Amino acid sequence: YLHEQTASTNFLWNKLCPADGSGRRTFELSMRPRLDKLGIFKANPDDLTASEIERFVRLDIDPDSITWKRVTDTNDRYLRGVSVGTSPSEVNKKTGESLGRESGFAITVASEIMAVLALATDLSDLRARLGRMIACTSRAGEPLTADDFGITGALTVLMMDALMPTTMQTLEGTPALVHCGPFANIAHGNSSVVADRLALKLVGPQGYVLTEAGFGSDMGGEKFFNIKCLYSKLRPSCAVLVCTVRALKLHSNEAPPVVPGAALAAEYREERLGLVAKGAANMLAHIQNVRKHGVQVAAASHKNTTPGPKTHEHRQSRRERQQRQSEVSAGSEEGECEDGR
């Protein structure tokens, strides 16, 4: 945007396609998507007309349409909205008008690049997906992508090493591939396709892989089936729905809210079967949602000192009734672990 407002078409043309010592110009490979989009199929830059050069070098960016934000993993809410381009040097040289605009920072996992990385199957697929990302529109409303800016190759090189998952382990010593983390409320909320495929290859046909779909079955779970499975061509054998007693009580709509930093209310510290029973309706709705995708569901919950034995018996009873209705496996924590295996 700055260069478009401060430089002539001839200046931009000479920067994008400079003549070599013999006066010959060439197109970079990264320019081909932009040229093809414009319907310019000439291989020699010198064959372009003045009109074609104008269309090629000028994107006519609408600054109010820019959706890409800078990202950082610094926890600072004040960076969500910032003013950029306020320096005296960031002005239109012809009119003196400031080129500043309102923008902001997002956390890294909220970047569209994170979502793209998680869905990519290999390096060429990553490059293709990066190239299709829309950064803004022209003043005429035309979407402008990374390919239009000619930055797809640079983006791919920057993300090339990030395409490889990180190998870690759980507290129990189980191998874990940690890779990607796009939010489910703005993206698809799932770990990478590459990590799933790699894990399946490592465990072999007799092994099993657990992969997480975050933000609940009604968000990350839905997007796991409808987006991630669509592109990965992988079909899960079973779904494990994880819940806590505290969540069940909260979903009863009769327990007070859980406030970060504040002591838990008595409803959460004591055994309240009535709250658990009413909150279980929400858990059963999640189970029904997952079943609509054609997979069996195992409901898993934790054991700790807060819920008493009656609470566990009640949850067990609810799950057994649900099992009889639909022949879906559910049971105690130990039984759920067996189901997972």
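Provided above is the structure to which this section pertains.
Residues numbered from 1 in each chain as written. Predicted model: local features only at pLDDT ≥ 70, side-chain atom pairs only at ≥ 80, totals over all residues. Heavy atoms only, no water.

Here we look at the overall build of the protein chain
When helices and strands are counted, the protein chain shows 15 helices and ten strands. Split into buried and exposed, the 341 residues of the protein chain put 35% on the buried side. In the protein chain, the proportion of contacts linking residues at least 24 apart, taken out of those at least 6 apart, comes to 59%. Roughly 20,100 Å² of accessible area belongs to the protein chain as shown, and the carbon and sulfur atoms make up 54% of that amount. (Helix = DSSP H or I, 4+ residues; strand = E, 2+ residues; numbered from the N terminus. Buried < 20%, exposed > 50% of the residue type's maximum accessible area, 1.4 Å probe, protein only. Contact = heavy atoms within 4.5 Å. Areas by Shrake-Rupley, 256 points an atom, 1.4 Å probe, with all protein chains shown as cover.)

Re helix α4 (residues 50–57)
Those residues of α4 that fall on the buried side of the exposure criterion are Glu52, Ile53, Phe56 and Val57. For α4, the angular spread of buried residues about the axis comes to 115°, placing them on one side. Here the buried face of α4 lies against α1 (2–6), α2 (9–16) and α3 (32–37). (Arc of directions from axis to C-beta.)

Quick word on the environment of Val82
Checked against the element boundaries, Val82 lands in strand β2 (residues 82–84). The exposure class of Val82 is buried, given its relative accessible area of 17%. Taking the C-alpha atoms as reference points, Val82 and Ser103, 21 residues apart in sequence, are found 5.4 Å from one another. Ignoring anything within four residues of it in the chain, the contact list for Val82 reads Arg101, Glu102, Ser103, Gly104 and Phe105.

Side note on the packing of aromatic side chains
Applying the stated criterion to the full structure yields five aromatic pairs. Ring geometry for Phe27 against Phe56: centres 5.9 Å apart, planes inclined by 70°, an arrangement best described as edge-to-face. With Phe27 in the loop between α2 and α3 and Phe56 in helix α4, the pair connects residues that are 29 residues apart, well separated along the chain. The same class applies to Phe27 and to Phe56, which are both buried. Taking the centre distance of 5.3 Å and the plane angle of 75° together, the rings of Phe224 and Phe225 count as edge-to-face. Neither Phe224 nor Phe225 differs from the other in exposure class; each is buried. (Phe/Tyr/Trp six-rings, centres within 6.5 Å; stacked < 30°, edge-to-face > 60°.)

A closer look at the pairing of strand β10 (residues 296–301)
Looking along a regular strand, one sees the side chains alternate between the two faces of the sheet. Of all six residues in β10, five are buried, a share of seventy percent or more. Strand direction decides the pairing type here: strand β9 (residues 238–243) and β10, joined by six bridges, are parallel. Opposite Cys238, over in β10, you have Gln296 as the bridge partner. (Pairing = 2+ DSSP bridges.)

Some points on the pattern of salt bridges
Overall, the coordinates contain twelve salt bridges when judged by the stated rule. The salt bridge partner of Asp60 is Arg139, with a shortest N-O separation of 3.3 Å. Of this pair, Asp60 sits in the loop between α4 and β1 (70–71) while Arg139 is found in the loop between β5 (134–137) and β6 (143–145), placing the two residues 79 residues apart along the sequence. Given a relative accessible area of 37%, Asp60 falls into the partly exposed group. Taking the shortest distance from any N to any O, the salt bridge between Arg272 and Glu270 comes out at 2.8 Å. Overall, Arg272 belongs to the partly exposed group, its relative accessible area being 28%. Salt bridges sharing partners connect three or more residues here, namely Arg34, Lys37, Glu142 and Asp148. (Salt bridge = Lys/Arg side-chain N within 4 Å of Asp/Glu carboxyl O.)

Remarks on the packing of helix α6 (residues 123–131) against helix α8 (residues 152–159)
Relative orientation of the contacting elements α6 and α8 amounts to 130°, with a least axis distance of 9 Å. Here α8 runs oblique to α6, going by the angle between their axes. Note on packing geometry: the crossing formed by α6 with α8 is right-handed. When α6 is examined against α8, the residues Leu123, Leu126, Arg127, Leu130 and Gly131 are found in contact with a partner set consisting of Thr152, Gly153, Leu155, Thr156 and Met159. A breakdown of the residues in the contact of α6 with α8 according to their chemical character gives five nonpolar, four polar and one charged. (Axes fitted to C-alpha atoms, helices over the stretch in contact; angles between N-to-C directions. Parallel < 35°, antiparallel > 145°, perpendicular 65-115°, else oblique. Left-handed = near helix turned anticlockwise from the far one by under 90°. Nonpolar A, V, L, I, M, F, W, Y, C, P; charged D, E, K, R; others polar.)

Section: the pairing of strand β7 (residues 166–169)
When β7 meets strand β8 (residues 175–178), the two strands line up antiparallel, connected through four bridges. Across the sheet, Thr167 pairs through a bridge with Leu177, a residue of β8. Connecting β7 to the antiparallel partner β8 that follows it, the hairpin turn spans five residues, and Gly173 within it adopts a positive phi of roughly 90°.

A word on the side chain of Lys228
Note on placement: Lys228 falls in helix α10 (residues 217–232). When sequence neighbours within four positions are dropped, the list of residues in contact with Lys228 reads Leu119, Asn190, Ser191, Ser192, Val193, Asp196, Thr211 and Lys223.

Here we look at the nonpolar core
Residues Phe225, Leu241, Met283, Ile287, Val290, Val295 and Val297 are the most contacted members of the largest nonpolar core, which totals 16 residues. If you tally residues by element for this core, the top one is helix α13 (residues 273–291), at five residues. Apart from the residues lying within four places of it in its own chain, the contact partners of Leu241 are Ser217, Met283, His286, Ile287, Val297, Ala298, Ala299 and Ala300. In this structure, Ala7, Leu35, Leu38 and Phe56 belong to the second largest nonpolar core, which totals 13 residues. (Core = buried A, V, L, I, M, F, W, Y, C linked by side-chain atoms within 4.5 Å.)

Things to note about the environment of Ser89
Here Ser89 shows up in the loop between β2 and β3 (101–103). The class for Ser89 is exposed, based on a relative accessible area of 53%. Linking Ser89 and Leu99, residues ten residues apart in sequence, is a C-alpha distance of 9.2 Å. Engagement of the side chain of Ser89 in a polar contact is seen with the side chain of Glu90, the distance being 3.1 Å. (Polar contact = N/O pair within 3.5 Å; in protein donor to acceptor, adjacent residues only side chain to side chain.)

These figures come from the coordinates and say nothing about function on their own.
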